[in-house]
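Residues per chain are reported as follows:
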Amino acid sequence: MSHTSLSGMGVSPGIAIGKPVIHESLPISTVRIGLPLAEVEAEVARFRDAVATAVEGMRENQQRATRQMGAEYAGIFEAHQLIASDPTFLEPVEDIIRSQQVNAEWALDSVVANFVKRFEALPDAHLADRKLDVLDVATQILKALHGFDLGELRALDHPVILVASDLSPSTTVQLPLDKVLGFVLEMGGPTAHTTIIARSLGIPVVVGAHGVCQLAQHAQEVALDAFEGRIVFDPNPAEISEFQSRQREHREQQAQLLQMRTLPTVTRDGQPMELMANIDLTDEVKTAVDWNVVGIGLYRSEFLYMKLSPNLPSEEDHLAVYRDLVERMEGRPVTIRTFDLGGKKLAREVIGATEANPVLGLRGIRLCFSQPEFFRTQLRALLRVAGEYPTGRVRIMFPLISGIEEFRVARLLVRRLCAELRQEGRSAPDGIPLGAMVEVPSSAVMAEDLARETDFLSIGTNDLIQYSLAVDRSNEQVAHLYRPTSPAVLRMIAGVRAAGDAAGVPVTICGEMAADPLMVPLLVGLGLRSFSMNPQAVPVVRALIRQLSYRDSVQMARQALGMVTSREVEEFLLERLAIVLAKTKIRV
Ligand code: PEP
Ligand code: MG
């Protein structure tokens, strides 16, 4: 049987074979299917069910929009419900199903085409635009007919490969991720948040797979190689066995690595390194503990918000999650980053209005400052939990710090809230390590001064690269320009590390670069000692570090820092590291 394949960019390693399910955000095509007379009434009933489901969805949209933006913005969803309940719209569809004995999709399409033609003929442009509402309603009914809404995805009960044009992090966290064998997305990038979540959970992902939504529509099975970025639709037996043998190889490698979990993370010449975990969803703590990390270097607390959305987390919600994290880490330090919402991590319930350029907008610490109550709730919970444990067990980190004044304000808030909690007779820490993310270039430039005021720094290379190279980290069109090997980025990292040393403040690196086998040796050579990464990457990085010579890495980093193009650095690293990478069987 003839089959098709497609290439994209593998951004979370692994192999998967399974049934594709499309999370539809593209227009759904309809075909005409003739029906025997006996099935016509059942088809009418199917249409009515779909309309009811769509109307229910519109009602939910209306409620959500009212909550988030105010009733005046929710009017559109009310109009949608009116259209979807209008007999002059619905009856002709049922008439066509009965008279022409055809499927509901086709009948709906014919009626909509008629409506659109009539609207377009109207002289008033405003009225003519109403056709958009009709089209929107029709799409929602079509989605209900196809059963492709998140409602169904949420209730998935069998393993699938999820195919979508794009997938927001908030949608992703609401999916039953234990049923997702892999993701294939038309958009996205290596450090997009959906990718990060999937990588942390060990789910393979291919992004930039243009046309996948259409091709997957007709496929019964999809094989996914997220090492190579290859997707095969309806693979033949030879291809399936090839994918399966790669999958076995990958599993065997993982099992071998697991045996090394208790070996020290130290270079060949005795330089110890510290490996910590980045956690998005608390389920990942188990993997982090299994892989024997020394602590949590980054808990992205915004995922707690996304999980509970549209409700805002209460102080008690925060307390429960933080206590759970600290307990499960069994005495190891836990670094909790305050909400880094905004940007691509939608926070409509808090921000309210949409922004033209959200990545440069109300994001991270700025958003928290603009919503004092929201921030206060989180900080109070953090301090209460910190007060229950020895100093240093809980550390607070502030995201998107772009100037020292922001850190000072955050520190002041912490001090005030500690006093407030004590007055209430609640637990509050006597001292709590407070750190700043260095992920905006201005903070990297000011690192020496910033380091003097903080207890620790953590370099967020995902954003540092995005903001210093002006390359959207989740836009596949510019993914080739997103270069961790950029000399500008490397020099910034070296500067931040030196600033930390000068002030006697530890510096961790917590962007995805900390798990990139090509970059780790260079970072070791630049003097970084502490790496925080998605838990799945820990064993590979440990194996790699154990093969490195610290002295050679320092010399290699010195040479790399003198280079002036990303390509030069990349080729140099590939050449210098070929033997080490081959020894550890690591693919880059
Ligand atoms: C980073 O920017 O490198 C980082 C770790 O934070 P996030 O990926 O959550 O933006
Ligand atoms: Mg960041």
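Throughout this document, residue positions are counted from 1 along each chain, in the order its sequence is written. Starting at A for chains and at 1 for ligands, labels are handed out in the order in which the entities are written. Given that the model is predicted, a residue must reach a pLDDT of at least 70 before its local features are reported, and side-chain atom pairs must reach 80 or more before they are shown or counted; all residues, however, enter totals for whole chains, interfaces and linings. The basis for the side-chain values is all heavy atoms of the structure; hydrogens and waters are excluded.

It is worth spelling out the coordination of the magnesium ion (ligand 2) at this point. With water omitted from the atoms examined, metal sites may look incomplete; donors here are N, O and S atoms no farther than 2.8 Å from the metal, or 3.2 Å in the case of Na, K and Ca. In this structure, Glu439 (OE) and Asp463 (OD) serve as the protein donors to the magnesium ion (ligand 2), at separations of 2.0 to 2.1 Å. Of the two residues, Glu439 sits in the loop between β14 (434-438) and α19 (441-445) while Asp463 sits in helix α21 (residues 461-469), which places them 24 residues apart along the sequence. The class for Glu439 is buried, based on a relative accessible area of 2%. Here the term buried applies to any residue with accessible area under 20% of the maximum for its type, exposed to any over 50%, and partly exposed to those in between, with areas from a 1.4 Å probe on protein chains only. Here Asp463 falls in the buried class, since its relative accessible area comes to 2%. Segments assigned H or I by DSSP are reported as helices when at least four residues long, segments assigned E as strands when at least two residues long, and all are numbered from the N terminus.

By convention in these notes, a residue is near a molecule or strand provided one of its non-hydrogen atoms lies within 4 Å of it. Taken together, 17 residues surround ligand 1, and among them Arg300, Arg337, Asn462, Asp463 and Arg473 come closest. At a separation of 2.8 Å, an oxygen atom of ligand 1 approaches a polar side-chain atom of Arg337. Contact distances for ligand 1 include 2.7 Å between an oxygen atom and a backbone N or O atom of Asn462. For every accessible area listed, the method is Shrake-Rupley and the probe measures 1.4 Å; residues are considered covered only by the protein chains on display. About the coverage of ligand 1: the protein hides 100% of its 290 Å² of free accessible area. Grid points spaced at 1 Å over the protein atoms alone were grouped into cavities, where a 1.4 Å probe fits but cannot get out, and pockets, open sets with protein on both sides within 12 Å along at least five of seven lines, with lining residues defined by an atom within 4 Å of a point. Think of it this way: a molecule belongs to a cavity or pocket when more than half its atoms come within 2 Å of the grid points there. More than half of the atoms of ligand 1 fall within 2 Å of the grid points belonging to the largest cavity. Sorting the residues of the shell around ligand 1 by element identifies α9 (193-200), β11 (296-300) and α21 as the ones contributing at least two each. The biggest single contributor to the shell around ligand 1 is α21, with three residues. Three residue categories are used. Nonpolar comprises Ala, Val, Leu, Ile, Met, Phe, Trp, Tyr, Cys and Pro, charged comprises Asp, Glu, Lys and Arg, and polar comprises the others, including Gly. When the residues that make up the shell around ligand 1 are grouped by side-chain class, the tally is four nonpolar, five polar and eight charged. Here a polar contact is taken to be a pair of N or O atoms separated by no more than 3.5 Å, where protein atoms must pair a possible hydrogen donor with a possible acceptor and residues adjacent in sequence count only if both atoms sit in side chains.

Looking now at the side chain of Glu512. Relative to the assigned elements, Glu512 resides in the loop between β16 (507-509) and α23 (520-525). Note on contacts: a residue pair is in contact if any heavy atoms of the two residues lie within 4.5 Å. With residues up to four places along the chain from it excluded, the contact list for Glu512 reads Thr191, Ile196, Arg199, Thr461, Asn462 and Asn534.

Further remarks concern the sheet that holds strand β3 (residues 15-18). Strand order in this open sheet of four strands is β1-β9-β8-β3, and the pairing throughout is antiparallel. Each edge of the open sheet is held by one strand with a lone partner, namely β1 (4-7) and β3. Averaged over all pairs of adjacent strands, the angle between their axes in this sheet comes to 10°, without regard to strand direction. The pairing of strand β8 (residues 222-225) with strand β9 (residues 230-233) spans four bridges and is antiparallel. Pairing of Ala223 across the sheet is with Val232, part of β9. Two strands qualify as a pair provided that DSSP identifies no fewer than 2 bridges between them. Every angle, taken between N-to-C directions, lies between 0 and 180 degrees, and every axis is a line fitted to C-alpha atoms, over only the stretch in contact when it is a helix.

Grid points are joined across faces, edges and corners, and a volume is the space filled by probe spheres set on the points. The final tally for this structure, using the stated rule, is three cavities of 30 Å³ or more. Considering only enclosed or pocket space, the largest cavity measures out at about 60 Å³ in volume. Lining the largest cavity are 15 residues, and of these Arg300, Arg337, Met437, Glu439 and Asn462 lie nearest its centre. Those elements giving two or more residues to the lining of the largest cavity turn out to be β11 and α21.

Around the barrel, which closes on itself, the eight strands sit in the order β10-β11-β12-β13-β14-β15-β16-β17 with parallel pairing between neighbours. Put simply, the sheet's adjacent strands are angled 25° from each other on average, direction ignored. Pairing of β14 with strand β15 (residues 456-459) involves four bridges; the strand directions are parallel. From the neighbouring strand, Gly435 faces β15, where its bridge partner is Phe456. In the packing of helix α17 (residues 372-387) onto the sheet, the strands contacted are β12 (334-337) and β13 (394-398), and the crossing angle to β13 comes to about 155°. Sheet strands touched by helix α18 (residues 404-423): β13 and β14. Its angle to β14, the strand with the most contacts, is close to 155°.

What follows is about the nonpolar core. Here is a general trend for soluble globular proteins: nonpolar side chains tend to be buried in one another's company. Ranked by size, the top nonpolar core spans 126 residues in total, and within it Phe183, Phe398 and Phe531 carry the most contacts. Examining the composition of this core, we find that eight residues originate from one element, α17, more than from any other. For each domain, the first and last residues come from an automatic or database assignment. Formed jointly, this core draws a minimum of three residues from each of two domains, domain 1 (5-26 + 156-255) and domain 3 (264-556). Sequence-distant contacts of Phe398, defined by excluding residues within four places in its chain, comprise Thr338, Ile365, Phe375, Leu379, Phe407, Ala410, Val414, Leu434, Gly435, Ala436 and Met437. By nonpolar core is meant a set of buried Ala, Val, Leu, Ile, Met, Phe, Trp, Tyr and Cys residues that side-chain atoms within 4.5 Å join together. Membership of the second largest hydrophobic core comes to 30 residues, among which are Val55, Ala84, Val93 and Ile96.

In a helix, the anticipated span is given by 1.5 Å times the number of residues less one. In this model helix α4 (residues 104-120) runs 24 Å from its N-terminal to its C-terminal C-alpha over 17 residues, within 8% of the 24 Å that 1.5 Å per residue would give. Among the residues of α4, those classed as buried are Ala104, Glu105, Ala107, Leu108, Val111, Val112, Phe115, Val116 and Phe119. On an axial view of α4, the arc spanned by its buried residues comes to 165°, and they lie on one face. By arc we mean the arc of the directions from the helix axis to the C-beta atoms, nothing more.

This next bit is on the packing of aromatic side chains. Within 6.5 Å between ring centres, the rings of Phe, Tyr and Trp (the latter by its six-membered ring) count as paired, and their orientation is classed by plane angle as stacked under 30 degrees, edge-to-face over 60, tilted in between. Applying the stated criterion to the full structure yields seven aromatic pairs. Considering the side-chain rings of Phe89 and Phe115, the 5.5 Å spacing of their centres and the 85° angle between planes classify their relative orientation as edge-to-face. Pair noted here: Phe89 is in helix α3 (residues 87-100) and Phe115 is in helix α4, with a separation of 26 residues, a long-range link. Owing to a relative accessible area of 1%, Phe89 belongs among the buried residues under this scheme. With centroids separated by 6.4 Å and ring planes inclined at 75°, the aromatic side chains of Tyr299 and Tyr322 adopt a geometry described as edge-to-face.

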